[in-house]
Amino acid sequence: MSIKRIARHLVQHHWRAKQIFTPAVLARIEQAIKRGEAIHSGQVRFVVEGALDGAPLFRNQPARERALDVFAQLRIWDTAHNNGVLIYLLLADRDVEIVADRGIHAKVGAGGWERICRAMETEFRSGQFERGVIDGIEAVSGELARHFPPAASHPNELPDTPVVM
């Protein structure tokens, strides 16, 4: 366990996420999700967590493992076509993880998701959080549109509202 990581999580904590992801930014992210879901039959969720605290922090939980927990908690796996996708940002680590249900993951693969994550992280390093998230949503939506085009009737199975934890 890194003392630097613990300090970063304790100092940045949750206020940082609310400072960067204001209500106006969150509204624009929600609109990007809605636009994306108009061109595919998948489901996209965006979650930003300012920092880990308590047990996850002190047992040094990696961002990927935390993203898997959030994916399950939000029931993103519970879509009709197994095409739910979580874009998770652990802000204190500036680490993006994409967790995709088995239907879409089988088509895109870990390498495809990793490319999107790294592009988002590049934007974040230059302070472009909103642009990075929206670009990531558009890239994920492009993959979903390629493999899961919109059906005649595709209900919105999951909320489009971003989550700040």
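Residues numbered from 1 in each chain as written. Predicted model: local features only at pLDDT ≥ 70, side-chain atom pairs only at ≥ 80, totals over all residues. Heavy atoms only, no water.

Participant: So what's going on with the packing of aromatic side chains? Residues and values would help.
Facilitator: Inspection of the entire model under this criterion finds 3 aromatic pairs. Ring centres of Phe 21 and Phe 129 lie 6.3 Å apart, and the angle between their planes is 70°; on these two criteria the pair is classed as edge-to-face. Taken as a pair, Phe 21 in the loop between helix 2 (15-20) and helix 3 (23-37) and Phe 129 in helix 7 (residues 129-147) lie far apart in primary sequence, 108 residues in all. Residue Phe 129 is classed as buried on the basis of its relative accessible area, which comes to 6%. (Phe/Tyr/Trp six-rings, centres within 6.5 Å; stacked < 30°, edge-to-face > 60°. Helix = DSSP H or I, 4+ residues; strand = E, 2+ residues; numbered from the N terminus. Buried < 20%, exposed > 50% of the residue type's maximum accessible area, 1.4 Å probe, protein only.)

Participant: Describe the pattern of salt bridges, listing the residues and the values that go with them.
Facilitator: All told, the structure shown has 11 salt bridges when counted by the stated rule. Among the salt bridges present, the one from Glu 30 reaches Lys 34, with a minimum N-O distance of 3.7 Å. Of the two residues, Glu 30 and Lys 34 both sit in helix 3, 4 residues apart, roughly one turn of that helix. For Lys 34, a relative accessible area of 37% corresponds to the partly exposed category. Of the charged contacts, one joins Arg 102 and Asp 101 as a salt bridge, the two residues approaching to 3.8 Å between their closest N and O atoms. A residue is classified by how much of its surface remains accessible, and Arg 102, at 58% relative accessible area, is exposed. Assessed through its relative accessible area of 5%, Asp 101 is described here as buried. Where salt bridges share partners, they join Glu 30, Lys 34 and Asp 160 into one cluster. (Salt bridge = Lys/Arg side-chain N within 4 Å of Asp/Glu carboxyl O.)

Participant: Pulling in residues and values, what's your account of the packing of helix 3 against helix 7?
Facilitator: In contact at an axis separation of 9 Å, helix 3 and helix 7 are set at 10° when each is read in the N-to-C sense. Our classification of the angle between helix 3 and helix 7 gives roughly parallel. Helix-helix and strand crossings are classified by hand; for helix 3 and helix 7 the assignment is right-handed. Residue-level inspection shows Val 25, Arg 28, Ile 29, Ala 32, Ile 33, Arg 35 and Gly 36 of helix 3 in contact with helix 7, the latter providing Glu 130, Val 133, Ile 134, Ile 137, Glu 138 and Ser 141. Here the contact of helix 3 with helix 7 is built from residues that sort into 7 nonpolar, 2 polar and 4 charged. (Axes fitted to C-alpha atoms, helices over the stretch in contact; angles between N-to-C directions. Parallel < 35°, antiparallel > 145°, perpendicular 65-115°, else oblique. Left-handed = near helix turned anticlockwise from the far one by under 90°. Contact = heavy atoms within 4.5 Å. Nonpolar A, V, L, I, M, F, W, Y, C, P; charged D, E, K, R; others polar.)

Participant: Describe the environment of Glu 123, and please don't skip the residues or the numbers.
Facilitator: Along the chain, the position of Glu 123 falls in helix 6 (residues 102-125). The class of Glu 123 is partly exposed, set by a relative accessible area of 24%. Not counting residues within four places of it along the chain, the set of residues in contact with Glu 123 comprises Gln 128, Arg 131, Gly 132 and Asp 135.

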